[in-house]
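# Commentary on secondary and tertiary structure
Here are the chains, one letter per residue:
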Amino acid sequence: MIFDKNTVRKIVAEVGEFQMKYFRSMESDSTEVKSLRETVSFVDVESEKMLLNGLMPLVAGAGFYGEESGKSGAQDLVWIVDPLDGTTNFLSGLDQFSISVALVENGKSIYGIIYKPFSKEIYEAESGSGVHYNGEPHTTRLVSDPSEALFMTGFPYRSPARAEGFFKTAAKVLNLGRGIRRSGSAALDVAQLSLGWIQGFWETDLQPYDIAAGLVMMKENGIIVTNENGEDYNMFTDTLMVAAQPSVHADLLDCVRAGYL
């Protein structure tokens, strides 16, 4: 797919600059409740508008699927975006938030870019072209055994009924590797997994806009991505992702199955 990737990088950087104007300076009356633990803000909505306006002219016939505005236009070729992944972090003054943009063709991510505004880090991948970090090619540092692995996850705040399974799994994973981290931005988690900074990840209730960009990054660098049954992960239908380096995935999957199933 031919389009101007420099323009995409410029768009996400401009959105990031806009977000940083409000970071740690949000007024108390500029947000509204979205759900018990999820907040939508003026920044979130405006960021998506900027992405919509910037991305749509780049690929003829492509539709749009955003966290805030939902689906519009064609969906067989579609930009899938999360304008502010880690909204709660943003509103709390924590710098672990990101902008996630993917181009998805027939249900498969073919291009993804994840931008961290606070540090201006850029994670980017295109099918067949590898993963780039801050413009430079980056392969995965592999571990040889699950005991060397660091894991990331997210709490099941959208589905409290799955909390028991989550904590059962977490208890097993604690004994599997070097530890567990929870960042609050799944987009950044899977981008960092693709680079080998962490070695395993699992989470329930992910939405396509959370991980569409990261899926192409993980595929390009050899990360195994499945559902809880060990089948290829489908971002539109599966409710639980298990992703890890080849030496780690089977053991992580066993922990997830023992916890949730």
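Attention here is on the structure that accompanies the text. Worth saying up front: this structure is predicted, and the values here are computed from it rather than measured. (Residues numbered from 1 in each chain as written. Predicted model: local features only at pLDDT ≥ 70, side-chain atom pairs only at ≥ 80, totals over all residues. Heavy atoms only, no water.)

### As for the pairing of strand E8 (residues 121-126)
- Within E8, six of the six residues are buried, which leaves it mostly tucked inside the rest of the structure.
- Burial of E8 is two-sided: the residues Glu121, Tyr123 and Ala125 facing one way and the residues Ile122, Glu124 and Glu126 facing the other way are all buried.
- Relative to E8, strand E7 (residues 108-116) is paired through six bridges, and the arrangement is antiparallel. The residue bridging isoleucine 114 from the neighbouring strand is tyrosine 123, located in E8.
- In the sheet, E8 pairs with strand E9 (residues 131-133) via three bridges, with the strands oriented antiparallel. Its bridge partner being in E9, alanine 125 is matched across the sheet by valine 131. (Buried < 20%, exposed > 50% of the residue type's maximum accessible area, 1.4 Å probe, protein only. Helix = DSSP H or I, 4+ residues; strand = E, 2+ residues; numbered from the N terminus. Pairing = 2+ DSSP bridges.)

### A look at the sheet that holds strand E4 (residues 70-72)
- Spatial strand order, E4-E3-E5-E6-E7-E8-E9-E10: eight strands in an open sheet with mixed pairing. Of all the strands in the sheet, just E4 and strand E10 (136-137) have a single pairing partner and so form its edges.
- In this sheet, E10 lies alongside E9 in antiparallel orientation, the contact comprising two bridges. Within the sheet, the bridge partner assigned to tyrosine 133 lies in E10 and is glutamate 136.
- Helix-sheet contacts for helix H1 (residues 5-22) involve strand E5 (77-85), strand E6 (98-105), E7 and E8, and the interaxial angle to E7 is about 40 degrees. (Contact = heavy atoms within 4.5 Å. Axes fitted to C-alpha atoms, helices over the stretch in contact; angles between N-to-C directions.)

### Description of the pairing of strand E11 (residues 150-153)
- Because side chains alternate across E11, one face comprises the buried residues Leu150 and Met152, and the other comprises Phe151 and Thr153, equally buried.
- Bridging between E11 and strand E12 (residues 179-181) involves three bridges; their strand directions are parallel. Within the sheet, the bridge partner assigned to leucine 150 lies in E12 and is glycine 179.
- In the classification by handedness, the crossover that spans E11, the intervening helix H4 (residues 163-174) and the parallel E12 is right-handed. (Right-handed = clockwise from strand over helix to strand, strands pointing away.)

### So, a negative patch on the surface
- A contiguous patch of negative charge, built from Asp145, Glu148, Asp251 and Asp254, is present on the exposed surface.
- Looking at the secondary structure, you find aspartate 254 in helix H7 (residues 246-260). (Patch = residues over 30% accessible without salt bridge, like charges linked within 9 Å, V, L, I, M, F, W, Y side chains within 5 Å. Areas by Shrake-Rupley, 256 points an atom, 1.4 Å probe, with all protein chains shown as cover. Salt bridge = Lys/Arg side-chain N within 4 Å of Asp/Glu carboxyl O. Lys, Arg positive; Asp, Glu negative; His and termini not counted. Charge placed at Lys NZ, Arg CZ, Asp CG, Glu CD.)

Limitation: the analysis is restricted to geometry and does not speak to function.
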